[in-house]
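Single-letter residue listing:
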Number of protein chains: 4
Amino acid sequence: MAQILDASAVVFARSGFEKATTIAIAAEAGISPGSLYQFFANKEAIAQALADRFVAQLRLAHQEAFDEARFTSLPLDGLLDRMVDPIVAFNIANPGFKALFARTDMPAGLADAARPVQAALLARVEAMIAARAPELPAGDRTRTALVGIQIFQAMVPLVVAAEGEERAAMVRELKRALHGYLADAIA
Amino acid sequence: MAQILDASAVVFARSGFEKATTIAIAAEAGISPGSLYQFFANKEAIAQALADRFVAQLRLAHQEAFDEARFTSLPLDGLLDRMVDPIVAFNIANPGFKALFARTDMPAGLADAARPVQAALLARVEAMIAARAPELPAGDRTRTALVGIQIFQAMVPLVVAAEGEERAAMVRELKRALHGYLADAIA
Amino acid sequence: MAQILDASAVVFARSGFEKATTIAIAAEAGISPGSLYQFFANKEAIAQALADRFVAQLRLAHQEAFDEARFTSLPLDGLLDRMVDPIVAFNIANPGFKALFARTDMPAGLADAARPVQAALLARVEAMIAARAPELPAGDRTRTALVGIQIFQAMVPLVVAAEGEERAAMVRELKRALHGYLADAIA
Amino acid sequence: MAQILDASAVVFARSGFEKATTIAIAAEAGISPGSLYQFFANKEAIAQALADRFVAQLRLAHQEAFDEARFTSLPLDGLLDRMVDPIVAFNIANPGFKALFARTDMPAGLADAARPVQAALLARVEAMIAARAPELPAGDRTRTALVGIQIFQAMVPLVVAAEGEERAAMVRELKRALHGYLADAIA
DNA sequence: CATGAATGAGGGTTCATTCAT
DNA sequence: GATGAATGAACCCTCATTCAT
């Protein structure tokens, strides 16, 4: 039920995964606690499903950015714009996303849920790097992608927490950080 | 009681802040749960005190790196070595540190505890930036320091999780990321 | 609805009365949980109705055995064969029966449901005893019938659990036990 | 804690194992639900411990009866008196005992707890049979012991439920049943 | 001052039952 | 009449915190 996932996103955003209670999610969704379990086996499964939905939504929102045709035709700056802006926008629009994924310690139940998201992102970034630096060994390519994603994830809370002009400035810094790192790593 | 803080660091490292139980901390410290509360008002206060101790320890370990005399005399590479290496070493030596601080979602109690650490670090990095780019407006300087620290924190789990040569490679990437960002931001 | 009772017998046999869920019964019956309550007021009522049906089926299966004309014309051995064999066969054919009746601790709802079965059996056994030992006071007769039934019920799980030759041996022991008791009690 | 086991015996006797709630046990014991778990891992463990205590108590109460020297020196009647009376007395004094052991369908958690009791009883009865009928094959001996115990267990509720003279009558019938079965089976 | 058993609110989850469709 | 999602009380269990000893 989309309404439950919406509610869980709100509650996860507000309280984090472990502090979020099924009662709070149910209340936010306007249903009873028992009803949660008609759709999801347990709290973990809710997070899983929410993660899956995020993956799908993100794939859509991110589609154009990852038009592979542009991986080499665009200057790095332009490419970063296309990659970063939609994910930043997605994070701002979906506060629950960060609560589930932008964390360094994954509770058992979440680690499984988060893996697909991270794997999807990783694959895209790796593809991009491969296109621009074909001679880079696979190990280095993966590591570079991993580091790039990590930098990105780390910046998300700073961007989301900021507002107005400060947020725009943070996005600029984020791009600058990625540009600085990738220009050096890929060159 | 240092012994309690040692124990809490171990348990936080093992279980994370929210999953850590006061009973586990007491057991690890070899005392009774009740005794915990003779020294600390609650679980949060333990994290606070542990944070404070980390700040002090880190200050020592980091002392030399922040010998301000070298802020301008050293090339950026050398400066980064002096700043990054001790903190990386500190993180590897103190797994509890990362459990408390390298997280993007701070439970209420931890946010307060983490602030002093971050403030201390921020001050140092700001001072370094000020020395190397005196003309940078204060707002930009703070933001640049914040971003640099954030990148650093994000990389810590990657570095700590890796081992041997892969860890060394991760440290190189971390420095490359910081170098790329700061060279651009400060110049 | 016979189909519901069939399903409940299966589920009671599989899970026992208290662990059986109405959803499982409905699923087994191929209907929705709600439909259960169009035919039965509650879970207890299902057990009641199943019990009633068991009584009726048992009466049929047991008919010939209780041909009263033979109560006195047959030796005790032959009579026991006629009484025991069909009930044993019935228990083997209807695993749900034992789940409801062969238990020493009756939950409130089941006690009521079981009473008719026991009453029907009791009446028959009492009649048999009365025929063979007319001079036995009514109180003793009832008690003797009760004990005989209890012995029988206690043996059912042993018989049903056994297989092949061991089951046949258990049936022999059951008859031996009943014979030993009744020969003494009635004589 | 003996007080918890006492309370659990009371509650198990009143409600049976599955209907018994930890809250009820705690209330009966005059403690809080949480305290239960300082001594027992879960509801099952309480039943286990209660079972173990019953085994120990029963062993004591039953000691003299199973003085092996008397297995052959006594007439069957006298032997049955010595075996049956203490267990009947024990069952009357400990209503919780029957709630845990005198049942034909054992929930997973209880089966493990009940096994030792049944095994202990079985061993004793087998030893008795072996003493009186040494030529009986081992398989028959076990089966005979099993059936004897089953008859006994089945009668316990009848005996316990009865009162005064009726209870005495029930005990007589129980012994008569055992005597009838064993005299025949052993001879 | 240390202890550790006791607390009890609150967590996730189940399931007999209801009722709008 | 049939449905099956919705209900919500009640279950078992956890754990930060307290307090009599």
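Data block above holds the structure.
Keep in mind it's a predicted model, so treat the numbers as computed, not measured. The written sequence of each chain sets the order in which its residues are numbered from 1. Labels are handed out in written order, letters beginning with A for the chains and numbers beginning with 1 for the ligands. This being a predicted model, a pLDDT of at least 70 is required before a residue's local features are given, and a value of 80 or more before pairs of side-chain atoms are given or counted; all residues contribute to the totals for chains, interfaces and linings. For the side-chain quantities, the full set of heavy atoms in the structure was used; hydrogens and water were omitted.

Draft legend 1. The arrangement of the overall build of chain A in detail. Here a helix means four or more residues in a row that DSSP labels H or I, a strand means two or more in a row labelled E, and each is numbered from the N terminus. Tallying secondary structure elements over chain A gives 10 helices and zero strands in all. Helices and strands in chain A line up, N terminus first, as α-α-α-α-α-α-α-α-α-α. Taken against the 2.2 N^0.38 rule, which gives 16 Å for 187 residues, the C-alpha radius of gyration of chain A at 18 Å falls within 12% of a compact globule. C-alpha extents for chain A along the principal axes are approximately 55 × 35 × 30 Å. When a residue's accessible area, from a 1.4 Å probe over protein chains only, is under 20% of the maximum for its type it is buried; when over 50% it is exposed; and in between it is partly exposed. Within chain A, the proportion of its 187 residues that are buried is 49%. Contacts between residues were defined by any pair of non-hydrogen atoms, one from each residue, lying within 4.5 Å. Sequence-distant contacts, at least 24 apart, represent 66% of the contacts inside chain A between residues at least 6 apart. Computed by Shrake-Rupley with a 1.4 Å probe, the accessible areas treat only the displayed protein chains as cover when residues are assessed. Accessible surface computed for chain A: about 8,100 Å², of which carbon and sulfur atoms make up 56%. C-alpha atoms define the radius of gyration, and 2.2 Å times the number of residues to the power 0.38 defines the globule rule.

Draft legend 2. View of the arrangement of the chains. In this assembly chain A lies apart from chain D, the nearest approach of their C-alpha atoms being 21 Å. At the C-alpha level, the nearest point of chain B lies 12 Å from chain D, with no contact between them.

Draft legend 3. Spatial organisation of the side chain of asparagine 91 of chain D. Within the secondary structure, asparagine 91 of chain D sits in helix α6 (residues 76-93). If we skip the residues at most four places from it in the chain, asparagine 91 of chain D touches Phe97, Lys98, Phe152, Val156 and Val160 of chain D.

Draft legend 4. Quick peek at the relation of the copies chain D and chain C. Overlaying chain D on chain C yields an RMSD of 0.5 Å, the required transformation being a rotation through 178 degrees with an accompanying axial translation of 0.1 Å. A rotation of that kind, with that shift, is consistent with a two-fold axis. Within chain D, glycine 180 of chain D has its C-alpha nearest the rotation axis, a separation of 2.0 Å. Here 96% of the contact residues of chain D are again contact residues in chain C; the copies associate through an equivalent surface. A residue counts toward the fit only if its pLDDT is at least 70 in both copies, and the copies are then superposed by least squares on the C-alpha atoms of those residues.

Draft legend 5. Spotlight on the pattern of salt bridges. All names here are of chain D. Any Lys or Arg side-chain nitrogen found within 4 Å of a carboxyl oxygen on Asp or Glu counts as a salt bridge. For the structure on display, the rule yields 36 salt bridges over all chains. Of the charged contacts in the structure, one is a salt bridge between aspartate 85 and lysine 175, with a shortest N-O distance of 2.7 Å. With aspartate 85 in helix α6 and lysine 175 in helix α10 (residues 164-186), the pair connects residues that are 90 residues apart, well separated along the chain. A relative accessible area of 33% means that aspartate 85 is categorised as partly exposed. Salt-bridge contacts for arginine 143 lead to aspartate 140; the nearest nitrogen and oxygen are separated by 3.3 Å.

Draft legend 6. Structural view of the protein's contact with DNA strand E. Summary of the distance rule: residues count as near a molecule or strand when at least one heavy atom falls within 4 Å of that molecule or strand. Around DNA strand E there are 27 residues in total, and Thr22, Tyr37 and Asn42 of chain A, Thr22 of chain C together with Ser32 of chain D lie nearest to it. Counting only atoms of DNA strand E within 4 Å of the protein, the sugar-phosphate share comes to 58%. Tyrosine 37 of chain A has a polar side-chain atom sitting 2.5 Å from a phosphate oxygen of DNA strand E. Within the side chain of serine 35 of chain D, one N or O atom sits 3.1 Å away from a phosphate oxygen of DNA strand E. Elements with a contribution of two residues or more to the surface near DNA strand E: α3 (33-39) of chain A, α3 (33-39) of chain B, α3 (33-39) of chain C together with α3 (33-39) of chain D. At five residues, α3 of chain B tops the list of elements feeding residues into the surface near DNA strand E. By the criterion applied in these results, polar contacts are pairs of N or O atoms within 3.5 Å in which, for protein atoms, one can donate a hydrogen and the other can accept it, and in which residues neighboring in sequence qualify only through two side-chain atoms.

Draft legend 7. Examining the interface of chain A and chain B more closely. Taken together, the contact pairs 26 residues of chain A with 26 residues of chain B. Each of two parts loses accessible area, computed with a 1.4 Å probe, when they are put together; buried area is these two losses added. In total, chain A and chain B occlude about 2,500 Å² of area from one another, counting both sides; carbon and sulfur atoms represent 62% of this. Linking arginine 176 of chain B and aspartate 184 of chain A is a salt bridge whose minimum nitrogen-to-oxygen distance equals 3.6 Å. Elements that contribute at least two residues to the side of chain A that touches chain B include exactly α1 (2-19), α9 (138-161) and α10 (164-186) of chain A. Residues were grouped as follows: Ala, Val, Leu, Ile, Met, Phe, Trp, Tyr, Cys and Pro as nonpolar; Asp, Glu, Lys and Arg as charged; and all remaining residues, including Gly, as polar. Split into classes, the residues belonging to the side of chain A that touches chain B amount to 13 nonpolar, four polar and nine charged.

Draft legend 8. Highlighting the interface of chain D and chain C. Listed per partner, the contact involves 26 residues of chain D and 26 residues of chain C. Inspection of the chain D/chain C interface yields six residue pairs in polar contact (both at pLDDT 80 or more). For the side of chain D that touches chain C, the elements supplying multiple residues, two or more each, are α1 (2-19), α9 (138-161) and α10 of chain D. In the side of chain D that touches chain C, the residues fall into 13 nonpolar, four polar and nine charged.

Draft legend 9. Geometry of the protein's contact with DNA strand F. In the neighbourhood of DNA strand F, 27 residues make up the surrounding shell, with Ser32 of chain A, Thr22 of chain B, Ser35 of chain C together with Tyr37 and Asn42 of chain D lying closest. When atoms of DNA strand F within 4 Å of the protein are split into backbone and base, the sugar-phosphate part holds 59%. Elements with a contribution of two residues or more to the surface near DNA strand F: α3 of chain A, α3 of chain B, α3 of chain C together with α3 of chain D. With five residues, α3 of chain C is the largest single contributor of residues to the surface near DNA strand F. Partitioned by chemical class, the residues of the surface near DNA strand F number nine nonpolar, 16 polar and two charged.

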